Structure formats: C-alpha cells, structure tokens
Amino acid sequence: MRKQRLSSKKTGDSHDFLKAHYWNSGQFAHTDQQKGVPCPPLQKPYDVEADLIDLPSPTAIELEQPELNGLLETRCSRRKFTNVPMTLEQLSYLCWAAQGVRNISRSGQAVFRTAPSAGARHALETYLVIHNVENLQPGLYRYLSIEHKLLPIETNPEIAAQCATACCNQQWMAKSGVILCFSAIPYRMAWRYGNAADKLIALDAGHACQNIYLACESLNLGCCGIAAYNQGPMDALLKLDGNDEFCIYLAAVGTLV
Ligand SMILES: Cc1cc2nc3c(=O)[nH]c(=O)nc-3n(C[C@H](O)[C@H](O)[C@H](O)COP(=O)(O)O)c2cc1C
C-alpha cells in the first residue's frame, strides 16, 4: 500500500491566508478606523423609494424539530428537492437565521446578527435566488436584515437554472426553492482589520451558512452549501461589480419528500 502523505508535495505553499501573522504586526494602527475615516454603512444602501416586501415574523413559525441534539445528529447536505413550494414563513425564518439583526449598537457603528462576526463588522449581504416560494415571483431579491424585508431586484423565471449553470453546472440546484447567496463587501471588515479582513469574512460566511443548515433541519427542508461556482458569472447573476462586492458562498434550499 502506498504511504499516506501528511503534507502537500508542493514546497513553498505557506497557506498564509489561513494563518494569523497580523495581530502583533502593528498594522492595525494604520486601518481606516484608526485614521478616523467614518464607519461604512452597516448594510448596503438601497433606493428608499423601492417597494419592499414584508416578511412574516421569523419567530412565529412552529419548528418541526426544535431540539439542538437532534438537529446536529441528523444534519447533512441534501440535494434532492420536490416541486412543493416553500412557504414565506419558511423563507423568513431562513433569512433571519442566516443574518437576522438582533440589535444595533447605540453608536450606530455595529450591528449584531443571529450569526457571529469578527468585531461585529458583518461584511456579508444576502441575495435570494427565488425559484419556488409561495407568493413570490421567481427572480432575484436582497434580504434587508435591518428591516427584515425583501428588496426585489429582478423578476426572472430562469434564474435558478442560470444560477445552477454558474455553479459549475450543478443542475440539481435548479430545483431549489431558494438559493441564498452571500456576497462580501470587504471594506466593512477592512475598515477595522485591514489585511486580516479576508480570512475573517470567510469565517463569518461559514457561521452564517451553518445557521441555514440547522434552520433547514429544524423545518424539514433540505440544504447544501455551495462553494463550487464561477466568480464572473455568479457576480453577473447577482448584479455585483466583482470588486467592491462579490459572491463568496451559497446555500441551496428546497422541500423534501
Ligand atoms: C465550504 C463548503 C462548500 C461546499 N460546496 C459544495 C458544492 O459546491 N456542491 C455540493 O454539492 N456540495 C458542497 N458542499 C457540501 C459538502 O460536499 C458536504 O458538506 C460534505 O460532503 C459533507 O457532507 P454533509 O454536509 O452531509 O456532512 C460544500 C460544503 C462546504 C462546507
């Protein structure tokens, strides 16, 4: 039997992204926050004239499985969805579980959401590719976590299939009720943490997605995290500039047999 390798064959691969060399480096003295640059907005601004869609209260829903032990035992990635539409109550609960706002600091400089975030900087935005949710037109929406409302962006009956194609042709995703897409606005994190921001944002996204996994499990919905996507096509689908804001992670969700 061939000997198992314990490290990459490639030499010089320092995996610096995963390491933490910056905390004692003094670089935080030079971040925009330290220089007195005003705090960026807690949430991506939107047209205040836009017609927003109300979501039901997230805590009103009755959970099928409320016990954490049970959720942890049964949670797994599920990729087979039925044509039964998701309810607006379920969608509301998933949005809230992923990024719902619990509190805003008195200074107005920090927001606290259901998922943790390094320094409460919360550099994520949540877009919804809606395919099969009752009372919602298929298309692209943004979850406004502070308002707990939806901002409609575009009606598009093909969007789930287009999203599946952008996700390296994972066509099973086209049957999702909703695909939650996390984008990053790195400056919200870099304003305080400079070069450390990227790793912290990636860690934050993992927390948010795990909340979706557990929320789905508690509602008897299927969920699968998605990192296999092509950057340009996904950013184009979500109408992001790919520089100041870009897609970093997705979660496909649907009803189960
Ligand atoms: C960061 C991350 C990225 C993933 N990307 C994909 C993906 O693109 N497509 C997919 O089918 N599953 C994806 N998955 C699901 C994993 O394949 C799955 O978590 C793994 O097989 C373990 O199975 P479990 O979630 O059922 O425990 C991803 C999971 C994580 C955490």
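Going along each chain's sequence as written, the residues are numbered from 1 onward. It should be noted that, the model being predicted, local features are given only for residues of pLDDT at least 70 and side-chain atom pairs only at 80 or more, the latter also being counted only at that level, while totals for whole chains, interfaces and linings use all residues. Based on all heavy atoms of the structure, the side-chain values leave hydrogens and waters out of the count.

Overview of the overall build of the protein
Piece 1. Along its length, the protein carries six helices and nine strands.
Piece 2. For the protein, whose C-alpha radius of gyration is 19 Å, the value lies close to the compact-globule estimate of 18 Å for 257 residues.
Piece 3. With respect to the principal axes defined by its C-alpha atoms, the protein has extents near 65 × 55 × 40 Å.
Piece 4. Contact definition: two residues touch when any of their heavy atoms are within 4.5 Å. Contacts in the protein between residues at least 24 apart in sequence constitute 75% of all its contacts with a sequence separation of at least 6.
Piece 5. Within the structure as shown, the protein displays about 13400 Å² of accessible surface, and the carbon and sulfur contribution to it stands at 51%.
Piece 6. Neither His nor the chain ends contribute to the count of charged residues, in which Lys and Arg are positive and Asp and Glu negative. Here the site of a charge means NZ on Lys, CZ on Arg, CG on Asp, or CD on Glu. Across the protein, 23 positive and 24 negative side-chain charges occur, with their mean positions spaced 12 Å apart. Put simply, DSSP H or I for four residues or longer makes a helix, DSSP E for two residues or longer makes a strand, and each gets a number counted from the N terminus. Atoms counted for the radius of gyration: C-alpha only. Globule rule: 2.2 Å times residue count to the power 0.38. Each accessible area is a Shrake-Rupley estimate made with a 1.4 Å probe; only the visible protein chains count as cover when residues are assessed.

Examining the packing of aromatic side chains
Piece 1. Between the rings of Phe, Tyr and Trp (Trp by its six-membered ring), a pair exists once the centres lie within 6.5 Å; its type follows the angle of the planes, with under 30 degrees stacked, over 60 edge-to-face, and the other angles tilted. Across all of its chains, the model carries six aromatic pairs by this definition.
Piece 2. Ring geometry for F28 and Y193: centres 6.0 Å apart, planes at 80°, overall edge-to-face. With F28 in the segment before β1 (53-54) and Y193 in helix α4 (residues 186-193), this residue pair connects regions lying 165 residues apart in the sequence. Both residues of the pair, F28 and Y193, count as buried.
Piece 3. To sit over a ring, a charge needs its Lys NZ or Arg CZ within 6 Å of the ring centre and within 35 degrees of the ring normal. Here R75 stacks its cationic end above the ring of Y213, 4.8 Å away from the centre of that ring. Three exposure classes are used, based on accessible area relative to the maximum for each residue type with a 1.4 Å probe and protein chains only: buried under 20%, partly exposed in between, and exposed over 50%.

A closer look at helix α5 (residues 197-219)
Piece 1. Under the 1.5 Å per step criterion, the end-to-end length of α5 is 33 Å for 23 residues, consistent within 8% with the ideal 33 Å.
Piece 2. After α5 finishes, the residue N220 shows a positive phi value of roughly 60°. Each residue after the first adds 1.5 Å to the expected span of a helix.

Description of the site of the ligand
Piece 1. All residues in the neighbourhood of the ligand are listed as R75, C76, S77, R79, Q170, W172, C224, G225, I226, A227, A228 and Y249.
Piece 2. Think of a polar contact as two N or O atoms within 3.5 Å of one another; within protein, one of them needs to be a possible hydrogen donor and the other a possible acceptor, and neighboring residues in sequence only count if both atoms come from side chains. A distance of 3.1 Å separates an oxygen atom of the ligand from a polar atom in the backbone of A228.
Piece 3. Alone, the ligand offers 610 Å² of accessible surface; in the complex the protein occludes 54% of this.
Piece 4. With three residues, the single largest contributor to the shell around the ligand is strand β8 (residues 221-226). One heavy atom suffices: a residue is near a molecule or strand as soon as one of its heavy atoms comes within 4 Å of it.

Looking at the sheet that holds strand β5 (residues 139-144)
Piece 1. Paired strands, as defined in this entry, are two strands with at least two bridges between them according to DSSP. Overall, antiparallel pairing links the seven strands, which are arranged β1-β6-β5-β4-β7-β9-β8 in an open sheet. The sheet is open, and its two edges are formed by β1 and β8, each paired on a single side.
Piece 2. Sheet topology places β5 next to strand β6 (residues 149-155); six bridges connect them, and they run antiparallel. Along β6, the bridge assignment pairs L144 with K149.
Piece 3. Lines are fitted to the C-alpha atoms to define the axes, a helix being fitted only along its stretch in contact, and any angle between axes, read from their N-to-C directions, falls within 0 to 180 degrees. Contacts from helix α2 (residues 88-99) reach β1, β4 (124-130), β5, β6, β7 (178-184), β8 and β9 (246-255) within the one sheet, and its direction differs from that of β4 by about 160°.

As for the pattern of salt bridges
Piece 1. The term salt bridge refers to a pairing of a side-chain nitrogen on Lys or Arg with a carboxyl oxygen on Asp or Glu at a separation within 4 Å. Overall, the coordinates contain seven salt bridges when judged by the stated rule.
Piece 2. Between E125 and R142 there is a salt bridge, with its nearest N and O atoms 3.1 Å apart. Taken together, the positions of E125 in strand β4 and R142 in strand β5 put the pair 17 residues apart, joining distant regions of the chain.
Piece 3. According to the relative accessible area criterion, E125 is buried, its value standing at 3%.
Piece 4. Its relative accessible area of 2% is what places R142 among the buried residues.
Piece 5. Sharing partners across several salt bridges, the network here consists of E125, R142 and R188.

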